[in-house]
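Overview (structure and organization)
Letter by letter, the chains look like this.
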Amino acid sequence: MLAAGEAGQEPAAPCCPEGGDRVKNAEEKSDMSIAALVGSDQLTQDGDDDELLLSVSAFIEKEVGSDLKSLKKLGKLIEKMTEDKIKLEEQVLTISSEIPKRIQSALKDAEESKQVLNQFLEQEAPLFSSITSHLLTAQPWMDDLGAMITQIEEIEQHLTYLKWVSQIEELSDNIQQYLMTNNVPEAASILVTMTELDIKLQESSCTHLLSFLEFSRGLVMLILEKLASDIPCLLYDDNLFCHLVDEVLLFERELHSVHGYPSTFASCMHILSEETCFQRWLTVERKFALQKMDSMLSSEAVWVSQYKDITDVDEMKVPDCAEVFMTLLLVITDRYKNLPTAPRKLQFLELQKDLVDDFRIRLTQVMKEETRAPLDFRYCAILNAVNYISTVLADWADNVLQQAALEVFAENNALSKLQLGQLASMESSVFDDMINLLERLKLDMLTRQVDHVFREVKDAAKLYKKERWLSLPSQCEQAVMSLSSSACPLLLTLRDRLLQLEQQLCFSLFRVFWQMLVEKLDMYIYQEIILANHFNEGGAAQLQFDMTRNLFPLFSHYCKRPENYFKHVKEACIILNLNIGSALLLKDVLQSASEHLSATAALNEVGIYKLAQQDVEILLNLRTNWPNTGK
């Protein structure tokens, strides 16, 4: 606490003597209180004394501070602290007198607990020994009793199982008796009871009982009898017979997939497989399929793909007619795949092959109507349809079709072992004959398109063919090389037709188209333009510029190295544009080469791999820029 008059503080105002005495008395009482508080702890260590003094100083500093007027609080503060001290001393004395009693009571309780625990430990050892001995003695009895309980439970389950089976058999016998007496209402009533019984058993864990039921076979036998009596009345009503077949197929599918009916049991497919009914089924399937094809091809919309606006889905540009037709074939396959015998399946397979051939003939007829315009939309749609059907048939590796054909061909020895092996390994397809016919039609249609475009290109190339290759200025005489004006019609026609067919044909067909076209175009330019003219230095440079900078890039969108498809033109340009020295050296090597290998090496060195030696010699003779050697 800072006293008045210390450095940095103004001196306190003068006060009266009485006030000074009061202050002095208060300070003396404060010192006495501090001595009383601290004096009782003089026997503690020096460190504790320092901490206590610091705490007291901080307390006084907090309560009084540097204001002298606050000293008047010291009296009340001392009195309060004295009272607290007395209370604390009383509490300490009270606690000090009670603690020994509590400790003594706790020790007594602990001793008693220890004695009880020792008694329990002494009793535990003989008791544990007695229990262990008893368990060992009783274990054989427990094992025997457990085995007997298990046997009793199994016997009870068997009895319950047999009761259910007996009840089912009893109901089945009752149904049979009522049917023998033509009492159909009673038979139906008992059938309802049996159905309710079946519903109750669905929650049973007895899998064999659930797949009993004889119940399914009994129901199927009733259905077979009903079908046998109804089918003769429906054979010659196509709509009713077709509806009957649909219902039977749905029933068969549910019976096998949902109820697990064994395929070895008699089923409705056996009724449909009988000769009269089966032949009628084939006839109806053929009739409705042909009707579907007729109505399908009579619409103009069938040549448009329903996915035409979705590029990712419409990669093959399949017209609706082709997609609907292939769906029709898949539906037919799904309808007959559960037939019980392979020969019947094979008869349906022959029906499908007939339908494919019929559809091919119809497409051919429509195509012939469009042959005058082989680049039009409908012609391209027909070509896409043929390609799609051929591709799908080639990809079909349906085990139902292949296995049926294998079984029948193996039984009848209709194929050699090699052919059977190819069929079994999917190297050949049961539709190979149809695929070959479709591929032939596809190639014929592509050839018509290529020929049509090639004729247009040849007509556009007439001016280019008559270009004055012998008198064109050399490259050094021109500021910038530019495309020959006579080549513009050729390139424009080619570009327009490529863009048109790229949009209308699927990717695989268009690839075949442009490769076929490039092959013809390469030979045409080589034979009709290059070999038919002579070239000075400027003419050779102009030809190379037109080919490498204008013609070849037209196909760069379809392949990385389009020049590799124009091998004759590319290598002819190389020969015509060799510098004079290299051309003379190559000419001498070819004329003096005694062996074919040395000539081939010389040609390969300048980048010639396709053209023969004689062709290169002809091309060298088409050059007019030879130096005058005096010979």
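How each quantity is defined
Residues numbered from 1 in each chain as written. Predicted model: local features only at pLDDT ≥ 70, side-chain atom pairs only at ≥ 80, totals over all residues. Heavy atoms only, no water. UniProt positions renumbered as here; feature names shortened; annotations may be inferred. Helix = DSSP H or I, 4+ residues; strand = E, 2+ residues; numbered from the N terminus. Buried < 20%, exposed > 50% of the residue type's maximum accessible area, 1.4 Å probe, protein only. Areas by Shrake-Rupley, 256 points an atom, 1.4 Å probe, with all protein chains shown as cover. Core = buried A, V, L, I, M, F, W, Y, C linked by side-chain atoms within 4.5 Å. Contact = heavy atoms within 4.5 Å. Axes fitted to C-alpha atoms, helices over the stretch in contact; angles between N-to-C directions. Parallel < 35°, antiparallel > 145°, perpendicular 65-115°, else oblique. Left-handed = near helix turned anticlockwise from the far one by under 90°. Nonpolar A, V, L, I, M, F, W, Y, C, P; charged D, E, K, R; others polar. pLDDT = per-residue confidence, 0-100. Expected span 1.5 Å × (residues − 1). Salt bridge = Lys/Arg side-chain N within 4 Å of Asp/Glu carboxyl O. Polar contact = N/O pair within 3.5 Å; in protein donor to acceptor, adjacent residues only side chain to side chain. Phe/Tyr/Trp six-rings, centres within 6.5 Å; stacked < 30°, edge-to-face > 60°. Lys NZ or Arg CZ within 6 Å of the ring centre and 35° of its normal. Patch = residues over 30% accessible without salt bridge, like charges linked within 9 Å, V, L, I, M, F, W, Y side chains within 5 Å.

- As recorded by an unreviewed UniProt entry, the protein chain carries the name RAD50-interacting protein 1 and is attributed to Cricetulus griseus.
- Here is the UniProt Sequence similarities (unreviewed entry) comment for the protein chain, exactly as written: "Belongs to the RINT1 family."

Focus: the overall build of the protein chain
- The helix and strand tally for the protein chain stands at 23 helices and 0 strands.
- With 631 residues in all, the protein chain has 34% of them scored as buried.
- In the structure as shown, the protein chain presents an accessible area of about 39,100 Å², 55% of it carried by carbon and sulfur atoms.

So, the nonpolar core
- Counting 127 residues, the largest nonpolar core has Trp 281, Phe 325, Phe 513 and Leu 551 as its most contacted members.
- Ranked by the residues each element gives to this core, the list is headed by helix H18 (residues 507-530), at 13 residues.
- With sequence-adjacent residues up to four places away left out, Trp 281 is seen in contact with Phe 241, Val 245, Leu 249, Met 269, Leu 272, Arg 335, Tyr 336, Leu 339 and Phe 348.
- Ile 168, Leu 171, Ala 187 and Leu 197 belong to the second largest nonpolar core, which has 8 residues in total.

Considering the packing of helix H9 (residues 275-297) against helix H10 (residues 320-336)
- It is at 10 Å that the axes of H9 and H10 come closest, and there the two elements cross at 165 degrees. In terms of orientation, H9 and H10 fall into the roughly antiparallel class. Judged by the sense of rotation from one axis to the other, the crossing of H9 with H10 is right-handed. On H10, the residues that touch Trp 281, Glu 285, Ala 289, Lys 292, Met 293, Met 296 and Leu 297 of H9 are Cys 321, Val 324, Phe 325, Leu 328, Ile 332, Arg 335 and Tyr 336.
- In terms of residue class, the contact of H9 with H10 is built from 11 nonpolar, no polar and 3 charged.

Remarks on the confidence of the model for the protein chain
- On average, residues of the protein chain score 81 in pLDDT, and 80% of them reach the 70 mark or higher.
- Of the regions scoring below 50 in pLDDT, residues 1-44 engages in 24 contacts with residues more than four places distant in sequence or in other chains.

Description of helix H19 (residues 537-551)
- Compared with an ideal rise of 1.5 Å per residue, which puts 15 residues at 21 Å, H19 spans 20 Å between its outermost C-alpha atoms and is within 8% of the ideal.
- Three or more residues of H19 are buried, namely Gly 538, Gly 539, Ala 540, Ala 541, Gln 542, Leu 543, Phe 545, Asp 546, Met 547 and Leu 551.
- On its buried face, H19 sits against helix H16 (462-465), helix H17 (488-504), H18 and helix H20 (567-576).

Topic: the pattern of salt bridges
- A full pass over the atoms with the stated rule returns 24 salt bridges.
- The network of salt bridges with shared partners includes Asp 238, Arg 280 and Lys 287.

Quick look at the packing of helix H11 (residues 342-369) against helix H12 (residues 377-395)
- Between H11 and H12, whose axes approach to 10 Å, the crossing angle comes to 160 degrees. Here H11 is positioned roughly antiparallel relative to H12, judged by the angle of their axes. Handedness of the H11/H12 crossing: left-handed. Taken together, the residues of H12 that come into contact with H11 (itself represented by Val 356, Phe 359, Leu 363, Val 366 and Met 367) are Arg 378, Tyr 379, Ile 382, Ala 385, Val 386, Ile 389 and Leu 393.
- Split by residue class, the contact of H11 with H12 holds 11 nonpolar, no polar and 1 charged.

Here we look at the side chain of Ser 484
- Mapped onto the secondary structure, Ser 484 falls in the loop between H16 and H17.
- The buried category is assigned to Ser 484, whose relative accessible area is 6%.
- One polar contact links Ser 484 to Gln 542, side chain to side chain, over a distance of 3.1 Å.
- Excluding anything up to four places from it in sequence, Ser 484 contacts Tyr 464, Glu 467, Gln 542 and Asp 546.

Here we look at the packing of aromatic side chains
- Under the definition given, this model contains 16 aromatic pairs.
- What links up through ring pairs into an aromatic cluster is the set Phe 510, Phe 513, Trp 514, Phe 552, Phe 555, Tyr 558, Tyr 565 and Phe 566.
- Directly above the ring of Phe 454 sits Lys 520, whose terminal nitrogen or CZ lies 5.0 Å from the centroid.
- Directly above the ring of Trp 626 sits Lys 587, whose terminal nitrogen or CZ lies 4.6 Å from the centroid.

Brief notes about a nonpolar patch on the surface
- A cluster of nonpolar side chains, contributed by Ile 95, Ile 99, Ile 103 and Leu 107, occupies part of the molecular surface with about 380 Å² of accessible area.
- Along the chain, the position of Ile 95 falls in helix H3 (residues 74-180).
- Exposure remark for Ile 95: the relative accessible area of 47% places this residue in the partly exposed category.

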